[in-house]
Amino acid sequence: MSVAIRLSRGGAKKRPYYRIVVTNSRSPRDGKYLEQLGTYNPVLAKDDENRVKLVEDRVRYWLGVGAQPTDRVARLLDKAGIKERPASNNPNKAEPGKKAKERAEDKAAKAAEAEEAAAAAAAAAQAPSAEAPAEGAENPGAEEPRVESSEAPAEG
């Protein structure tokens, strides 16, 4: 029989309270257990002395006979100085998910299209002004003919 040291939940809805128990690893989370080793109350402040209570000699006994703590219990034991927990390395933790990557790619594509459109609009705006001095440079003495309107301004 493989033995686990894990949390067994109690308390009311949205008010969790856990027992730290030794149990058969195949039994249900809140089912029958072999021995209660302590309590964990996550509602209390992190520096509160009553947040985690452990019976240290019993915890050491069960670890000595091969009980495997869950990740959360291992963190609690490490903080209490009972069993050192090796640091875990997850290089993909900060990487966004598939949907977030797709949204970022779409946003980048739209930004690139907008930038190209702005560059094209700027080039179109500069093109007529660039052609006008070129024509004037060819005929420096020529003046442009004036176009007058035959209509008189409307008075109201």
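Residues numbered from 1 in each chain as written. Predicted model: local features only at pLDDT ≥ 70, side-chain atom pairs only at ≥ 80, totals over all residues. Heavy atoms only, no water.

Visitor: Looking at this structure, how should I read the layout of surface pockets?
Guide: A probe matching the size of a water molecule, rolled over the atoms, marks out where space remains unfilled. Considered as a void within the structure, the largest pocket measures approximately 350 Å³ in volume. Lys46, Arg51, Val52, Leu76 and Lys79 are, among the 13 residues lining the largest pocket, the residues nearest its centre. Those elements giving two or more residues to the lining of the largest pocket turn out to be β4 (52-54) and α2 (71-80). Top element by residues in the lining of the largest pocket is α2. It accounts for 5 residues. Tallied by class, residues from the lining of the largest pocket come to 5 nonpolar, no polar and 8 charged. (1 Å grid on protein atoms, 1.4 Å probe; cavity = no way out; pocket = protein on both sides within 12 Å on 5 of 7 lines; lining within 4 Å. Points joined across faces, edges and corners; volume = space filled by probe spheres on them. Helix = DSSP H or I, 4+ residues; strand = E, 2+ residues; numbered from the N terminus. Nonpolar A, V, L, I, M, F, W, Y, C, P; charged D, E, K, R; others polar.)

Visitor: How should the confidence of the model for the protein be read in this particular structure?
Guide: When pLDDT drops low, the exact placement of atoms in the prediction is not to be read closely. Confidence along the protein averages 86 in pLDDT terms, with 81% of residues attaining 70 or more. Per-element mean pLDDT across the protein ranges from 81 in helix α3 (residues 98-138) up to 96 in strand β3 (residues 35-40). (pLDDT = per-residue confidence, 0-100.)

Visitor: Please explain the sheet that holds strand β1 (residues 3-12) as it appears in this structure.
Guide: To summarise the sheet geometry, strands pair through backbone hydrogen bonds and adopt either a parallel or an antiparallel arrangement. Taken together, the 5 strands give an open sheet; going across it, the order is β4-β3-β2-β1-β5, and neighbouring strands pair in mixed fashion. Single-partner strands in this sheet number two, and they are β4 and β5 (68-69). Where helix α1 (residues 56-64) meets the sheet, it contacts β1, β2 (15-24), β3, β4 and β5, and its direction lies at approximately 120 degrees from that of β3. The sheet contacts of α2 involve β1, β2, β3, β4 and β5, and relative to β1 the element is tilted by about 95 degrees. (Pairing = 2+ DSSP bridges. Contact = heavy atoms within 4.5 Å. Axes fitted to C-alpha atoms, helices over the stretch in contact; angles between N-to-C directions.)

Visitor: Quick question: what am I supposed to make of the environment of Leu44 here?
Guide: Within the secondary structure, Leu44 sits in the loop between β3 and β4. Leu44 has contacts with Asn50 and Arg51, leaving out every residue within four places of it along the chain.

Visitor: Just checking my understanding: could you explain the nonpolar core for this structure?
Guide: Taken as a class, soluble globular proteins show a tendency for nonpolar side chains to be buried jointly. Counting 15 residues, the largest nonpolar core has Ile5, Leu7, Ile20, Leu37 and Trp62 as the members making the most contacts within it. Put simply, the parts of the chain that give this core at least two residues each are β1, β2, β3, α1 and α2. (Core = buried A, V, L, I, M, F, W, Y, C linked by side-chain atoms within 4.5 Å. Buried < 20%, exposed > 50% of the residue type's maximum accessible area, 1.4 Å probe, protein only.)

Visitor: Would you explain the pattern of salt bridges in this entry?
Guide: One side chain can pair with another of opposite charge once the charged atoms of both are near each other. Counted under the stated rule, the structure contains 6 salt bridges. With a closest N to O distance of 2.9 Å, Arg29 and Asp30 form a salt bridge. For Glu56, the salt bridge identified is with Arg60, shortest N-O distance 2.9 Å. Residue Glu56 and its partner Arg60 are located together in helix α1, separated by 4 residues, close to a single helical turn. Salt bridges here are not isolated pairs; linked through shared partners, they connect Asp71, Arg75 and Arg85. (Salt bridge = Lys/Arg side-chain N within 4 Å of Asp/Glu carboxyl O.)

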